[in-house]
Amino acid sequence: MAALFSGKVLVANREEDEVETERELVGALENKVLLLYFGSGQCPRCRQFSPLLKDFFVRLTDQFYVERASQLVLVYVSRDETEEQRSAFLRSMPRRWLALPFGDRFNRELELRFSVSEVPAVVVLKPNGDVIAGNAVEEIRRLGPACFRNWQEAAELVERNFRLAEDFDDPARRSLTDPIRRLKYKLDKKKKKEGREEEGDESS
């Protein structure tokens, strides 16, 4: 995914930091589902959709809602007419969002590359740059955070660490280091052990 932005600059929302070296780009984008959000703070349809996208993103990345932040990154591709309009819009959006610098010609290149003709539009990409969804706006409206599971499967991410907070029935099982498969293995092992103990009781 970093290859898509090779030689480009990404700006962290509401901060002076720029993600521009190859190493930084790989760290920010590699092995994650990438959302390209084409929008504008002045577009009426965008003003309706942006709060939904903000809530969608926060519920997948904020530890208030999830045990571990999802492998998800969003880059805002602006159609704002002025830098002030763009900045005002981004101030109301999550700090984790990235954006291209205002006026960067790469904004237009991305529009042409992914055939974006109107906004809002959310292009969903695999880590290798393949398209999962050409425009996921309606899917996000309809399904909310649940649609990320489908994208995660399609993206074939190396580590499957996405779990909603309500998936944890037993607080003792919560861990920042154990992936789902390790937990499943422990549960299966416990069931087998209990089964052997029951067999022992019956034979005694």
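Placed above this text is the structure.
Residues numbered from 1 in each chain as written. Predicted model: local features only at pLDDT ≥ 70, side-chain atom pairs only at ≥ 80, totals over all residues. Heavy atoms only, no water.

Novice: Quick question: what am I supposed to make of helix H2 (residues 44-61) here?
Specialist: A turn of α-helix holds 3.6 residues, and therefore any two residues three or four places apart point the same way. Its 18 residues place the ends of H2 26 Å apart at the C-alpha level, agreeing with the 26 Å of an ideal helix rising 1.5 Å per residue. Those residues of H2 lying buried are Cys46, Phe49, Ser50, Leu53, Phe56, Phe57, Leu60 and Thr61. Where the residues of H2 are buried, they touch strand E3 (33-39), strand E4 (72-78), helix H3 (83-91), strand E6 (121-125), helix H5 (137-143) and helix H6 (147-155). (Helix = DSSP H or I, 4+ residues; strand = E, 2+ residues; numbered from the N terminus. Expected span 1.5 Å × (residues − 1). Buried < 20%, exposed > 50% of the residue type's maximum accessible area, 1.4 Å probe, protein only. Contact = heavy atoms within 4.5 Å.)

Novice: Before we go on, may I ask you to explain the pairing of E3 in this structure?
Specialist: Consecutive residues of a regular strand have side chains that alternate between opposite faces of the sheet. When you tally the buried positions in E3, you get seven out of seven residues, the bulk of the element. Burial along E3 is two-sided: the face carrying Val33, Leu35, Tyr37 and Gly39 and the face carrying Leu34, Leu36 and Phe38 are both buried. The sheet contact formed by E3 and E4 spans seven bridges and is parallel. Across the sheet, the residue bridging to glycine 39 is serine 78, located in E4. Handedness of the E3-H2-E4 crossover: right-handed. Alignment of E3 against E6, held across five bridges, turns out to be antiparallel. (Pairing = 2+ DSSP bridges. Right-handed = clockwise from strand over helix to strand, strands pointing away.)

Novice: Explain the nonpolar core to me, please; I cannot follow it from the model alone.
Specialist: Inside soluble globular proteins, nonpolar side chains tend to come together where they are buried. Core analysis: the largest hydrophobic core is formed by 53 residues, its most contacted members being Phe5, Leu36, Tyr37, Trp97, Leu110, Val122 and Trp151. If we ignore the near neighbours within four places in the chain, the residues touching tryptophan 97 are Val11, Ala12, Asn13, Tyr37, Leu53, Lys54, Phe57, Leu74, Tyr76, Phe89 and Leu90. (Core = buried A, V, L, I, M, F, W, Y, C linked by side-chain atoms within 4.5 Å.)

Novice: Looking at this structure, I do not really get the pairing of E6. What am I missing?
Specialist: Most of E6 sits out of view: five of its five residues are buried. Burial of the side chains of E6 extends over both faces: Ala121, Val123 and Leu125 are buried on one face and Val122 and Val124 on the other. Both E6 and strand E7 (residues 131-133) contribute to a ladder of two bridges, which runs antiparallel. From the neighbouring strand, valine 124 faces E7, where its bridge partner is alanine 133. Linking two consecutive strands that pair antiparallel, namely E6 and E7, is a turn of five residues; a positive phi of about 95 degrees is found at glycine 129 within it.

Novice: Teacher, can you tell me more about the side chain of threonine 61 here?
Specialist: Tracing the backbone through its elements, the reader meets threonine 61 in helix H2. Here the side chain of threonine 61 touches phenylalanine 57 through a polar contact of 2.8 Å, landing on its backbone oxygen. (Polar contact = N/O pair within 3.5 Å; in protein donor to acceptor, adjacent residues only side chain to side chain.)

Novice: Would you take a moment to explain the environment of aspartate 62 for this structure?
Specialist: If you trace the backbone, aspartate 62 turns up in the loop between H2 and E4. Judged by its relative accessible area of 35%, aspartate 62 is partly exposed. When the C-alpha positions of aspartate 62 and proline 94 are compared, they lie 9.8 Å apart, and in sequence the two are 32 residues distant.

Novice: Would you mind going over H3 with me for this structure?
Specialist: Within H3, burial applies to Arg86, Phe89 and Leu90. Summarising the axial view, the buried residues of H3 lie within an arc of 95 degrees, below the 170-degree limit, and thus occupy one face. The exposed set on the far side of H3, more than 90 degrees from its buried face, consists of Glu84 and Arg91. Looking at the buried positions of H3, the neighbouring elements they touch are E3, H2, E4 and strand E5 (98-99). (Arc of directions from axis to C-beta.)

Novice: Can you help me understand the pattern of salt bridges in this one?
Specialist: Where charged atoms from two side chains of opposite charge approach closely, those side chains can pair. Taken as a whole and judged by the stated rule, the model has four salt bridges. For arginine 59, the salt bridge is made with aspartate 55, and the minimal N-O distance between the two is 3.1 Å. Placement of the pair is arginine 59 and aspartate 55 together in helix H2, with a separation of four residues, close to one helical turn. The residue glutamate 111 makes a salt bridge to arginine 108 at a minimum N-O spacing of 2.9 Å. Taken together, the residues glutamate 111 and arginine 108, both in helix H4 (residues 106-113) and three residues apart, mark about one turn of the helix. (Salt bridge = Lys/Arg side-chain N within 4 Å of Asp/Glu carboxyl O.)

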